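A closer look at the structure
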Amino acid sequence: TALKNMARYNAQDYIFHHAYPVPDRNAVRVLLDFGAGHGRIANLAFNTPIAADRLQTYIAVEGIPSTYFTQAFYYAGLGLKVWDYFEHHYEDLTQETISAAIRDYDVVHMPTWRTDLIPDGAADMVNCVQVLKELPGELVVHILPEFKRMTQASGALYIRDHVQFHNPNHMPIDMLIQAQGYVLEFAPQVRDRSEIHGLPRIWRKID
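Here the residue numbers are simple positions, counted from 1 along each chain's written sequence. Reporting of local features is limited, given that this is a predicted model, to residues whose pLDDT is at least 70; pairs of side-chain atoms are given and counted only at 80 or more, and all residues count toward the totals for whole chains, interfaces and linings. Water and hydrogen atoms were dropped before computing side-chain values, which therefore reflect all heavy atoms in the structure.

Quick look at the pattern of salt bridges now. Within this document, salt bridges are pairs made up of a side-chain nitrogen of Lys or Arg and a carboxyl oxygen of Asp or Glu, the two lying within 4 Å of each other. Overall, the coordinates contain 11 salt bridges when judged by the stated rule. Arg114 is the salt-bridge partner of Asp116, the closest N and O atoms lying 2.8 Å from each other. Among the ionic pairs, Glu146 bridges to Arg149, the shortest N-O distance being 2.8 Å. Of the two residues, Glu146 and Arg149 both sit in helix α6 (residues 137-150), 3 residues apart, roughly one turn of that helix. Numbered from the N terminus, helices here are DSSP runs of H or I no shorter than four residues, and strands are runs of E no shorter than two.

Glancing now at unusual backbone geometry. Even without being a glycine, Ser154 presents a positive backbone phi close to 65 degrees. Here Ser154 lies in strand β6 (residues 151-161). We call a residue buried when its accessible area falls under 20% of the maximum for its residue type, exposed when it is over 50%, and partly exposed in between, using a 1.4 Å probe and counting protein chains only. In this structure Ser154 comes out as partly exposed when scored by relative accessible area, which is 22%. With a phi close to 60 degrees, His170 is a non-glycine residue in the positive phi region. Along the polypeptide, His170 turns up in the loop between β6 and α7 (173-179).

Those residues of helix α5 (residues 95-104) lying buried are Ile98, Ala101 and Ile102. Viewed end-on, α5 has its buried residues packed into an arc of 100 degrees, placing them on one side of the element. When the buried face of α5 is taken as reference, the exposed residues oriented beyond 90 degrees from it are Glu96 and Arg103. Those residues of α5 that are buried lie in contact with β1 (30-34), β2 (57-62), β3 (82-84) and β4 (107-111). In this description, one arc is meant: the one made by directions from the helix axis to the C-beta atoms. Contact definition: two residues touch when any of their heavy atoms are within 4.5 Å.

A separate point is the environment of Asp104. In this fold, Asp104 is placed in helix α5. Residue classification places Asp104 among the partly exposed positions, given a relative accessible area of 40%. With 37 residues separating them in the primary sequence, Asp104 and Thr67 have C-alpha atoms 24 Å apart.

Below you can see the structure in the form of C-alpha cells.
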C-alpha cells in the first residue's frame, strides 16, 4: 500500500508541475523542495522527460533529522552529485558558497534552519507538499517570506495539501500566501481524498 500511495503522489505532482506550458523565463531550472520527505521529488525532477530537459539543480530542504539522512542515501542511490550542508557546516558558509553549489551540483541539501544561506532569487519554483499545515504557526509566518525571497521574479510556489480536511496549526495558508504577493495561477477542480490526495495549487510571485 505504501508503494502504491507513493506512486500515486508521484504521478499527481508530476502531472500538476507540468499541467500547462509556461514562457521560457518561467521554466523550472532550479527547484527548491521544502520538506523534501524521503527525496522522491528528486526522482521526478531528474528522471522524467519534461523536467530533466531543463532542470539544473534541485535544492532539498528538510528539518527532520531521520528524514534528512534518508534523503542523503536516496540522492546517492540516484547517482546524483550532491553538495550536503553537513559536510561543510564547520566552514564559513555564505550565500556565495551556496550559489556556487547550485551552479556545480545536481542536489544542494540543506537543513530548514539555514535557509538564510540560500541566495535571493535562487529558485524558479518552491515545492511544498503536505508540509505547511503541519508546521508550528510561527514557522509558517517565518518561512513564507523566505519562499518569496528565495524565488526569482515571477517564480512559482507549488502547494499540495488538504484545504478543508486537515489543518493542525489552524493557519489560513492560502490567505497568508496571497498576502506575500502571490496570485493563484492554477487550481484544478478535483475532489480531495477521492480523486486526489491534497489539492494542488500553483501560485505565481508578482511583486
